[in-house]
Amino acid sequence: MIGTTSTKEGAPLAGAPALSLEHVSKVFGRRRAVDNVTFDLPQGAFLSIFGPNGAGKSTLLRMLATLSRPTSGSAKIMGIDLKEDPDAVRAHIGLISHNSMLYGDLTAEENLMLSAKLYGIQNARERVDEMLEAVELSHRRMDVVRTFSRGMTQRLCIARALLHDPDVVFLDEPYSGLDPHAVEIFDDLIAAVREDRTFVMVSHDLQKGFATCSHALVLARGRVVAYAAKDDIDYDAFEALYRRTVGMGVA
Amino acid sequence: MGKDGYRSPQTGGVLDRIAPVVTLIGALLSTAGFVLAFTLAGPVNGATVNGVEVIGGEMVSNQLLFSQKIFYFHMPVAVTSMVMIGFVAYFGIRFLQTRDAAWDERARIAAGIALLFVLATMFTGEMWERFEWGVWWTWEPRLTTYFILMLLVFAYFVMRASFDEPERRATFASVYGIVMFIDVPITFAITRIVPSSVHPTIFRTDSGLSPDMLLPLLLSLFGMLCIAYGLFRLRLRAQELDERVEHIKEQLDEA
Amino acid sequence: MARASIKKPSTFAQYRTLLAKDLRREFRTKEMLTAMGIYALLVLVVYGAALSQTSNQFDILQMAAGLLWALVVFTSLLGLNRSFAHEQENACLEGILLVPLDRSVVFLAKATSNLIFLVVVEIVVLPLFYFFFLTTTQPADTWPLIWLPLLVGTVGIAGIGTLLATITVNSRGKDVLLAVLFIPLVFPLLYACVAASTVVLAGGDVEGVFGNSLLLAGGYDVVMVLLSWVLYDYVISA
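Residues numbered from 1 in each chain as written. Chains lettered and ligands numbered in written order. Predicted model: local features only at pLDDT ≥ 70, side-chain atom pairs only at ≥ 80, totals over all residues. Heavy atoms only, no water.

A. Main features of the pattern of salt bridges. This structure, assessed with the given rule, holds 30 salt bridges over all chains. Here D187(A) and K208(A) are joined by a salt bridge, their closest N and O atoms 2.8 Å apart. Here the residue D187(A) occupies a position in helix α6 (residues 180–194), and K208(A) occupies one in helix α7 (residues 206–212), the gap between them amounting to 21 residues. Classification of D187(A) by relative accessible area gives buried; the value is 18%. Of the charged contacts, one joins E87(C) and K110(C) as a salt bridge, the two residues approaching to 2.9 Å between their closest N and O atoms. On the criterion of sequence distance, the pair formed by E87(C) in helix α4 (residues 85–89) and K110(C) in helix α6 (residues 103–134) is long-range, its members being 23 residues apart. Residue classification places K110(C) among the buried positions, given a relative accessible area of 4%. (Salt bridge = Lys/Arg side-chain N within 4 Å of Asp/Glu carboxyl O. Helix = DSSP H or I, 4+ residues; strand = E, 2+ residues; numbered from the N terminus. Buried < 20%, exposed > 50% of the residue type's maximum accessible area, 1.4 Å probe, protein only.)

Dropping the structure here:
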C-alpha cells in the first residue's frame, strides 16, 4: 500500500504508526476540551473512541481530520506532522460523518467528480465508476443526491471519502439517522472497503463500536480513561468501566 | 503555552497597579483642560469654523462663542474612541496569531470602552451640530463616517451575541475587529479627502490653533487617554476575577 | 480495485473546479438568480410608488444613481445570504476543507461566483431601471460610463460580502446579522460609487468627481479584498 501511494506528496513513513499522539490538548480559555491525550495506533487497526457527550470525542476527531488545530502537543498521521504539514496529512485521510458533505443539487457522479478533481485523481473517471459500483449506486449515478434515501446518501458518502484512497479513514457517528437495515449494509460496505486501511470511529453505540474494533479508547472530560487492544479487553469489565464513565457525565 | 517564547498576557502586574492612579490623573487633566477651555482659551468666531479664528476681545456672536467650548471635550473623546478601536484591531491580530482567549477578552473590553467614547462623541457632536450649525443632523462627510464607525462598533457586539461557541466567536470577532478598523483612517482623513467638510482639519502644521487653545485641548486629550487606559485595566481585572470565581465554583460543584 | 493515482492539481485548476461547481449548481437550481431578480423587480415597483407623487416636480437624474445603488446593495445582500446556504446544508464546506488546497482558493472561487451572479442580475436590472424611471429624462452624454462604478462597486461588495457571509452562515438569525455587519462596512464604497454614478448620469464635474470617487472606491476594493483574502483562512477554519 505504501508503495502505491508514492505519487502523493509527503510520502508516509513506512512502518510509522497510523496515528501517533503526544500530549495533544485543545484548550480555549479555561475549558480543556481535549486534555493531554497520548497514544499510538498501528497501521491497519480499527479504533473505536467511546465516551459520554461532551467528552471531547468529536473535538479529537476533528483535530485529527485537520479541521481544527490542537492548542499544544504533537500529532502525527502516517508519520506526517499534523501541525507542520496539514495539507500532506489531508492527502492521506478521509472522513465519513453524519453530515453527508454532498451537494444535494448535484448528481451522484458530479459530486464524486468534484472531489476527484479537487484531489487531482488522474484516473478519475475509472475510479468514480468503480466506487459507484462498490457502493451499488451505479444505476442512480445521474440522479441528484437530494432524491436519495438516508442510507443511499450514506453509501455515496463512503464512496466520496474513499475516492482518493486514504490510508486513514475517520468515522464520526456514522450510524446516526440510519435504520437497522441501512446499518447492516453500511457495516458490510466498510468491511469490503477495509483492505489494509486504518479506521478511527467515534460512536455512542458501545456494542456496535466494540464489535467492529480492534482497539478501544474511552474518553471522559477530554482525558483518556482507558486505551487497549481488543484482545486484551474483557468485555464485561469494559462495559462496566464505560457505564461508570458515562455516569461521570459532562464536566 | 510557553512554546516559541509566547507568554499569555497577564493581569495583576504593574500595569494594573498604576491603573487607579492613571485614571485619577486622567480625570484631573481632563477637568483642568475643560476649565482652561473656559478661562484660558479665547473665544472663537463660530461663523467661520474652517480656519478657526481667535478674536480676543472682539466678539462676533455671543451665542456661538459658548457652544464652541464643546470642542475641547468632543475632539479628545473622538480621538480616544478611535485609539480604542485601533486596540480592538490589534488585540484581534494577536488573537489570530496565538489563539489565546486572553487576547479576545482584551479585544472585547477595548470595544466596550470604545463604544462608551463613541457614544460620548456622538452626544457632544450632536450638541455641537444643534448649536453651531443649527441643525439636528446633516450627512456631512466626517459626521457620516463617524456615525458609520458607531454602527460598526454596534455590529461588533451584535455579532458577538450571535455565536455560542467561544473559539468561533472569538475568531469571527477578531476578524471583524480588524476589518472595521479600516473605517478609522477613512474617518480621520475624510476632511482632507472631501474638502467641503465643515469639520476643521486639526492635525496639521498650520492648524490655526493658538497656544491658548492648544493647551487645554492637549490636556483634555491626554486626560481622556489616561481615563480610557484606567477603565480598560480595571474592567479587565474585574473580568479576570469574575472568571476565577466561576472556575472555583465549577470545581466545587465537581468535588 | 484500481488504486487512485494522484497528482496534486494546480491552485488555478482547483479554483476553476470550485467555480464550475458553483456555476453548475446555480444554473441548475437558479436559486440565487431568481430570488435576486424578483427582489430587484419588487424594489423597482416600490420605487414607483415612492416616487409616484413627485414625477414632474423634481429632477430624478440627481437621485437616480442613489436609487440604483440602494437596489444593488439590498439585492446583493439577499444573494450573499443564499450563497453559503447550500454549503452549510450538509457541511459541504467541511468536505472541501478536507482536500489539500489553499484556503484562499475557496474565497476566490466563491467571491468570483458571487460577482458573476451579481453582474448577471445587474445586467437585467439596469435596462429595467432605465425603462421605468429615466425614459422621460435626458441623462448626460457620459451615462454609458456608469458601468465602471457599477463594476468597481460590485467587486467590493462580492469580496467583503463573501467574507461576511461565511461568518454569518454559522450564526443564529443569519439574514439580519449579515445586513448589520455588511452595510456599515461597505458604506464608504457605496458613498464613492454613488458619487461617481451620479456625476456620469446627471452631468457635472465629470473629470474631478468621477475620477476621484472611482479612485477612492478602487482603493477601498483593493484594501478590503486583500484583507478578506488574508483573513479568510481563519474564518473558514473556525
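After that view, the rundown keeps rolling.
B. Structural context of α6(A). All names here are of chain A. With 15 residues, α6 extends 21 Å from end C-alpha to end C-alpha; this agrees with the ideal 21 Å at 1.5 Å per step. Among the residues making up α6, those that are buried are A182, V183, F186, D187, L189, I190, V193 and R194. Axial view of α6: buried residues confined to an arc of 165 degrees, hence all on one face. Set apart from the buried face of α6 by more than 90 degrees, the exposed residues are P180, H181, E184, D188, A191 and A192. Positive backbone phi, at 45 degrees, marks E195, one or two positions downstream of α6. (Expected span 1.5 Å × (residues − 1). Arc of directions from axis to C-beta.)

C. Fine view of the side chain of D35(A). All names here are of chain A. Here D35 shows up in strand β2 (residues 31–41). Since its relative accessible area comes to 11%, D35 is described here as buried. A distance of 3.1 Å separates polar atoms of two side chains, one belonging to D35 and the other to R32. The contacts of D35, once residues within four sequence positions are left out, are V24, S25, R221, G222 and R223. (Polar contact = N/O pair within 3.5 Å; in protein donor to acceptor, adjacent residues only side chain to side chain. Contact = heavy atoms within 4.5 Å.)

D. Inspection of the sheet that holds strand β1 (residues 19–28) of chain A at higher detail. Residue and element names in this part refer to chain A. Spatially, four strands are ordered β2-β1-β4-β5 in an open sheet, and the strand pairing comes out antiparallel. In this open sheet, the two strands that pair with only one neighbour each are β2 and β5 (80–81). Examined bridge by bridge, strand β4 (residues 72–77) and β5 share two bridges and lie antiparallel to one another. For I77, the partnering residue across the bridge sits in β5 and is I80. Those strands touched by helix α1 (residues 57–64) are β1, β2 and β4, and its axis lies near 120 degrees from that of β1. (Pairing = 2+ DSSP bridges. Axes fitted to C-alpha atoms, helices over the stretch in contact; angles between N-to-C directions.)

E. Spotlight on the sheet that holds strand β9 (residues 215–220) of chain A. Residues and elements named next belong to chain A. Ordered by their spatial adjacency, six strands build an open sheet running β6-β7-β8-β3-β9-β10, and the pairing between neighbours is mixed. Two strands lie at the open edges of the sheet, namely β6 (93–97) and β10 (223–229), each paired on one side alone. Sheet twist, expressed as the average angle between the axes of neighbouring strands with direction ignored, equals 15 degrees. Relative to β9, strand β3 (residues 46–50) is paired through four bridges, and the arrangement is parallel. For F50, the partnering residue across the bridge sits in β9 and is V218. Along the sheet face, α1 touches β3, β6, β7 (168–172), β8 (198–202) and β9 and points at about 150 degrees away from the line of β7.

F. A look at the pairing of β8(A). All names here are of chain A. Along β8, five of the five residues are buried, which leaves the element largely enclosed by surrounding structure. Judged by which residues are buried, β8 turns out to be covered on both faces: T198, V200 and V202 on one side and F199 and M201 on the other are all buried. As paired strands, β3 and β8 are joined by four bridges and run parallel to one another. Paired with L47 across the bridge in β8 is V200.

G. Layout of the interface of chain A and chain C. Counting residues at the interface gives 44 residues for chain A, matched by 34 residues for chain C. Of the roughly 3600 Å² buried where chain A meets chain C, counting both sides, 56% is carbon and sulfur surface. The tally of links between chain A and chain C comes to five salt bridges. The residue R146(A) makes a salt bridge to E89(C) at a minimum N-O spacing of 3.2 Å. Where chain A touches chain C, the interface holds 16 residue pairs in polar contact (both at pLDDT 80 or more). Elements that contribute at least two residues to the side of chain A that touches chain C include exactly α2 (86–90), α3 (108–119) and α4 (124–134) of chain A. Of the residues in the side of chain A that touches chain C, the class split is 17 nonpolar, 10 polar and 17 charged. (Buried area = accessible area lost by both parts, 1.4 Å probe. Nonpolar A, V, L, I, M, F, W, Y, C, P; charged D, E, K, R; others polar.)

H. Representation of the nonpolar core within the structure. Ranked by size, the top nonpolar core spans 215 residues in total, and within it L19(A), I77(A), F170(A) and Y176(B) carry the most contacts. When residues no more than four places from it in sequence are discounted, the contact partners of I77(A) are A18(A), L19(A), L64(A), L82(A), V89(A), I93(A), V168(A) and F170(A). Counting 10 residues, the second largest nonpolar core, distinct from the first, contains I70(B), Y72(B), W128(B) and L221(B). (Core = buried A, V, L, I, M, F, W, Y, C linked by side-chain atoms within 4.5 Å.)

I. Structural detail: the interface of chain B and chain C. Facing 27 residues of chain B, the contacting portion of chain C comprises 23 residues. Buried area between chain B and chain C, summed over both chains or domains, comes out near 2300 Å², and the portion from carbon and sulfur atoms is 79%. Inspection of the chain B/chain C interface yields one salt bridge. One salt bridge connects D164(B) with R172(C), and the closest N-O pair in it is separated by 2.5 Å. Our count for the contact surface shared by chain B and chain C stands at three residue pairs in polar contact (both at pLDDT 80 or more). Mapped onto the side of chain B that touches chain C, the elements with two or more residues apiece are α6 (141–161), α7 (166–180) and α8 (183–193) of chain B. Looking at the side of chain B that touches chain C element by element, the count peaks at nine residues for α6(B). Classifying every residue of the side of chain B that touches chain C gives 20 nonpolar, three polar and four charged.

J. Just the packing of α7(B) against helix α9 (residues 206–237) of chain C, in detail. Running from N to C, α7(B) and α9(C) point in directions that differ by 170 degrees, and their axes come no closer than 10 Å. By the criterion of interaxial angle, the relationship of α7(B) to α9(C) is roughly antiparallel. Between α7(B) and α9(C), the contacting residues are T171(B), F172(B), V175(B), I178(B) and V179(B) on the first element and M224(C), L227(C), L231(C), Y234(C) and V235(C) on the second. Here the contact of α7(B) with α9(C) is built from residues that sort into nine nonpolar, one polar and no charged. (Parallel < 35°, antiparallel > 145°, perpendicular 65-115°, else oblique.)

K. The arrangement of the side chain of T144(B) in detail. Tracing the backbone through its elements, the reader meets T144(B) in helix α6. Beyond its immediate sequence surroundings of up to four residues, T144(B) is in contact with W139(B) and F187(C).

L. Broad picture of the environment of I160(C). Residue and element names in this part refer to chain C. Considering the arrangement of structural elements, one finds I160 in helix α7 (residues 147–168). Given a relative accessible area of 1%, I160 falls into the buried group. The residues contacting I160, other than those within four sequence positions of it, are L185, V186, Y220, M224 and S228.

M. Region of the structure containing the packing of aromatic side chains. According to the stated counting rule, one finds 26 aromatic pairs over all chains in the structure shown. Summarising the aromatic geometry, the rings of F71(B) and Y72(B) are spaced 5.5 Å apart at their centres and angled 75 degrees between planes, so their arrangement reads as edge-to-face. Overall, F71(B) belongs to the buried group, its relative accessible area being 10%. By relative accessible area, which is 1% here, Y72(B) ends up buried. Relative to F117(C), the ring of F27(C) lies with its centre 6.2 Å away and its plane at 85 degrees, an arrangement referred to as edge-to-face. (Phe/Tyr/Trp six-rings, centres within 6.5 Å; stacked < 30°, edge-to-face > 60°.)

N. Here's a closer look at the packing of α3(A) against α4(A). Residues and elements named next belong to chain A. At a minimum axis separation of 10 Å, α3 and α4 run at an interaxial angle of 130 degrees. One finds that α3 runs oblique with respect to α4. Judged by the twist between their axes, the crossing of α3 over α4 is right-handed. Judged by residue contacts, A108, E109, L112, M113 and A116 of α3 engage A124, R125, V128 and L132 from α4. Along the lines of polarity and charge, the residues of the contact of α3 with α4 split into seven nonpolar, no polar and two charged. (Left-handed = near helix turned anticlockwise from the far one by under 90°.)

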